[in-house]
Amino acid sequence: MTSHTATASAGFTPTGRATATGTATAYWLREPGRGELRAERLSPPGPDEVLVRTLRSGVSRGTELLVHRGGVPVDQRAAMRAPFQVGEFPGPVKYGYLSVGVVEEGPTALRGRTVFCLHPHQTAYVVPASAVTVVPDDVPHRRAVLAGTVETAINALWDLAPLVGDRVAVVGAGMVGCAVARLLAQVPGVEVTLVDVDPDRATVAIALGARFAVPGEAPRACDSVVHTSGTGSGLRLALGLLAPEGEVLELSWYGDELVQLPLGGVFHSGRLAVRASQVGRIPSGRRRSTSDRMALALRLLADPAYDALLTGESDFADLPAVIAALASGELPALCHTIRYAEEA
């Protein structure tokens, strides 16, 4: 059985600022189930680079916990690489992609601005200026860590293309499912129901403007269903909720898990469909860049309803233990945010 021991490397203390020493501290998955903090040397930023001091980061319960337990298939390791990942699966690897910080050095237009970056958990880092997106003034930096999640939800709605008056179910009330439900709830006339095995998610659904149901009470005859639970049982439920000619949009990432589906009976007679949606590719015909999509996600996060997804926070020094507790289920959360010291 994989150990979930969390350790910190000896010989340094996690800090927030990096400009004085040229070093930072990063979270690494040493091996499946075992995380640690490591010292990182920072190079001075070049003319087209920025030095970002981190304020907050977010733990992606789905993908990051799959990486934590070593569940990335060999044939998907290249596709699963994060933009600033260091190391290789299953470990040692530095992985993560929900980071918000302030630019301490870089182009004048960015210096002092709060930015979002698809960077692993690290107290400070140097990246190309093109890799950061300015956080609007009306978006708190804690909420801004959801930008990567809302970006995924935007891509899902571009794939789904819901029509006015559609009946849509979202199976799986995790971070992505909740973000999708919020966007759907803002489409005129769309009746959206968030479906989850945890009845406590009803409060979150209400805050997002959606209805809620446990699986046994989920609405049938839906025009479409978005599946985000990451389980085979959730996908089978999603198929069962469709009206004839309906479609399941699949956002879940199963890693190395095999999923069984009932593709006889009503699947054929009802002409049902299952289609994948993945944030790595913008749907064809959508004339937007990934930078456009990220900027849109951050603008949408001016909506305080997204605060319902922020269900806990911890200090960066505790991150190895936090990820282990999230992976074991000891610490329940939607998005658990990590605080960084604002002063060294």
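This one's a predicted model, so the numbers in the text were calculated from it and none came from an experiment.

Visitor: Mind showing me how you'd approach the pairing of strand β6 (residues 99–105) here?
Guide: One face of the sheet, then the other: side chains in a regular strand alternate in exactly this way. In terms of residue burial, β6 counts as a mostly covered element, since six of its seven residues are buried. Pairing of strand β3 (residues 49–59) with β6 involves six bridges; the strand directions are antiparallel. Looking at the pairing, Arg56 lines up with Val100 of β6. Where β6 meets strand β7 (residues 114–117), four bridges bridge the pair, whose relative direction is antiparallel. Within β7, the position partnered with Gly101 by the bridge is Val115.

Visitor: Whenever I open this one, the pattern of salt bridges confuses me. Can you help?
Guide: Close approach of charged atoms allows side chains with opposite charge to pair. The tally for this structure, following the rule as stated, stands at 17 salt bridges. Arg275 is the partner of Glu247 in a salt bridge, and the nearest nitrogen-oxygen pair spans 3.1 Å. Here Arg275 lies in strand β15 (residues 273–276) and Glu247 lies in strand β14 (residues 242–250), a separation of 28 residues in the sequence. Note on Arg275: relative accessible area 30%, which makes it partly exposed. Note that Arg339 is salt-bridged to Glu313, the shortest N-O span being 2.7 Å. With Arg339 in strand β17 (residues 335–339) and Glu313 in strand β16 (residues 310–315), this residue pair connects regions lying 26 residues apart in the sequence. Exposure remark for Arg339: the relative accessible area of 28% places this residue in the partly exposed category.

Visitor: Sorry if this is basic, but what is going on with the nonpolar core here?
Guide: Looking at soluble globular proteins, one finds that nonpolar side chains tend to be buried together. Ranked by size, the top nonpolar core spans 69 residues in total, and within it Leu146, Val180 and Leu184 carry the most contacts. Looking at which element gives the most residues to this core, the answer is helix α3 (residues 147–160), with eight residues. Formed by 16 residues, the second largest nonpolar core is a distinct cluster that contains Ala169, Val171, Val225 and Leu237.

Visitor: Please explain the environment of Asp138 as it appears in this structure.
Guide: Following the sequence through the fold, Asp138 ends up in the loop between β9 (132–134) and α2 (141–144). Between the alpha carbons of Asp138 and Leu301 there is a distance of 8.6 Å; along the sequence they are 163 residues apart. With near-sequence residues (within four places) excluded, Asp138 lies in contact with Arg143 and Ala302.

Visitor: I would appreciate a short explanation of helix α8 (residues 290–300) in the present structure.
Guide: At 3.6 residues per turn, the α-helix brings residues three or four places apart onto the same side. Looking at α8, one finds that the buried residues are Arg293, Met294, Ala297 and Leu298. Take α8 and look down its axis: the buried residues cluster within an arc of 135°, on one side only. Tucked into the core, α8 has its buried residues touching β7, β9, α2 and α3.

Visitor: Help me understand unusual backbone geometry in this model?
Guide: The omega torsion across Phe89 and Pro90 is 5°, close enough to zero to call that bond cis. With respect to the helices, strands and loops of the structure, Pro90 is situated in the loop between β4 (86–87) and β5 (93–94). Of the consecutive residues Gly91 and Pro92, the connecting peptide bond is found in the cis state with omega at 0°. For Ala161, which is not glycine, the phi torsion reads 50° and is therefore positive.

Visitor: Help me understand the environment of Gly246 in this model?
Guide: Its location among the elements puts Gly246 in strand β14. Gly246 gets classed as buried once you look at its relative accessible area, which sits at 3%. Considered as a pair, Gly246 and Val225 are 21 residues apart in the sequence and their alpha carbons are 8.0 Å apart. When near neighbours in sequence (up to four residues on either side) are disregarded, Gly246 contacts Asp223, Arg271, Leu272 and Ala273.

Visitor: Could you clarify how one ought to interpret the packing of α3 against α8 in this entry?
Guide: Describing two packed helices takes the angle between their axes plus the distance from one axis to the other. The interhelical angle for the contact between α3 and α8, taken along N-to-C directions, is 110°, at an axis separation of 8 Å. Put simply, α3 runs roughly perpendicular to α8. The handedness of the crossing between α3 and α8 is right-handed. When α3 is examined against α8, the residues Ala147, Val150, Glu151, Ile154, Asn155 and Trp158 are found in contact with a partner set consisting of Thr290, Arg293, Met294, Leu296, Ala297, Leu298 and Leu300. Of the residues in the contact of α3 with α8, the class split is nine nonpolar, two polar and two charged.

Rules and cut-offs
- Residues numbered from 1 in each chain as written.
- Predicted model: local features only at pLDDT ≥ 70, side-chain atom pairs only at ≥ 80, totals over all residues.
- Heavy atoms only, no water.
- Buried < 20%, exposed > 50% of the residue type's maximum accessible area, 1.4 Å probe, protein only.
- Helix = DSSP H or I, 4+ residues; strand = E, 2+ residues; numbered from the N terminus.
- Pairing = 2+ DSSP bridges.
- Salt bridge = Lys/Arg side-chain N within 4 Å of Asp/Glu carboxyl O.
- Core = buried A, V, L, I, M, F, W, Y, C linked by side-chain atoms within 4.5 Å.
- Contact = heavy atoms within 4.5 Å.
- Arc of directions from axis to C-beta.
- Axes fitted to C-alpha atoms, helices over the stretch in contact; angles between N-to-C directions.
- Parallel < 35°, antiparallel > 145°, perpendicular 65-115°, else oblique.
- Left-handed = near helix turned anticlockwise from the far one by under 90°.
- Nonpolar A, V, L, I, M, F, W, Y, C, P; charged D, E, K, R; others polar.

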